[in-house]
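Secondary and tertiary structure notes
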Amino acid sequence: MMRIVFFILCLLLCSSCASIQQIDENNIVGVFYCKKLSTKNKFGYEYTLNIEKENKFSMFQRFQDASPRCSGIWELKDGFLFLKCLDTESITDKLSNAYMNQRDFKINVKNKDKLELENHIILKRK
């Protein structure tokens, strides 16, 4: 009986250690996506975040009357993904609805396949 209890405890310990995932720069790379339609009308929101190697990213958002986008550099630090948009847009882009006014983002990394951006969960596309 004591061996069975010991075996079960060892099994639980090993499985809990295996479930802890270390998030590093190699396994955060990919395309994250979220789309949600509003229940009141046909409009909603859509997020697409493409995290590339060499700390580059591109982000696209779509709302009712706007589709802002930006690209820039990212950094992974203490369970958060920090995005900083670069100012490479022309003056016409800055005056259009494609310009993203918010230039810095702090994203909570839930795991390698799930991020939380502005209280919205965005999942990695497989």
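Note: the structure precedes this text.
Residues numbered from 1 in each chain as written. Predicted model: local features only at pLDDT ≥ 70, side-chain atom pairs only at ≥ 80, totals over all residues. Heavy atoms only, no water.

Our next topic: unusual backbone geometry. The phi torsion at aspartate 78 lies on the positive side, around 55 degrees, for a residue other than glycine. A relative accessible area of 69% means that aspartate 78 is categorised as exposed. (Buried < 20%, exposed > 50% of the residue type's maximum accessible area, 1.4 Å probe, protein only.)

Once that is clear, we can look at the nonpolar core. Grouped together as the largest cluster of nonpolar side chains are 22 residues, with contacts concentrated most on Leu49, Leu81, Leu83 and Leu115. Listing elements by their share of this core, those giving two or more residues are strand E1 (30–37), strand E2 (44–52), strand E3 (56–62), strand E4 (69–77), strand E5 (80–85), strand E6 (104–111) and strand E7 (114–117). Sequence-distant contacts of leucine 83, defined by excluding residues within four places in its chain, comprise Leu49, Phe57, Met59, Ile73, Trp74, Arg103, Asp104, Phe105 and Ile107. (Core = buried A, V, L, I, M, F, W, Y, C linked by side-chain atoms within 4.5 Å. Helix = DSSP H or I, 4+ residues; strand = E, 2+ residues; numbered from the N terminus. Contact = heavy atoms within 4.5 Å.)

Applying the stated criterion to the full structure yields one disulfide. Here cysteine 70 pairs with cysteine 85 through a disulfide, and the sulfurs are 2.0 Å apart. Here cysteine 70, found in strand E4, pairs with cysteine 85, found in strand E5; they are 15 residues apart in sequence, far enough to count as distant. (Disulfide = S-S within 2.5 Å.)

It is worth spelling out the environment of phenylalanine 63 at this point. Within the secondary structure layout, phenylalanine 63 lies in the loop between E3 and E4. Along the primary structure phenylalanine 63 and tyrosine 45 are separated by 18 residues, whereas in three dimensions their C-alpha atoms are 4.8 Å apart. In contact with phenylalanine 63, not counting residues within four places along its chain, are Gly44, Tyr45, Tyr47 and Pro68.

Another aspect to go through is the pattern of salt bridges. Scanning the model with the defined rule gives four salt bridges in all. Of the charged contacts in the structure, one is a salt bridge between lysine 84 and aspartate 104, with a shortest N-O distance of 3.7 Å. Of the two residues, lysine 84 is situated in strand E5 and aspartate 104 in strand E6; the sequence distance between them amounts to 20 residues. For lysine 84, a relative accessible area of 45% corresponds to the partly exposed category. A relative accessible area of 44% means that aspartate 104 is categorised as partly exposed. (Salt bridge = Lys/Arg side-chain N within 4 Å of Asp/Glu carboxyl O.)

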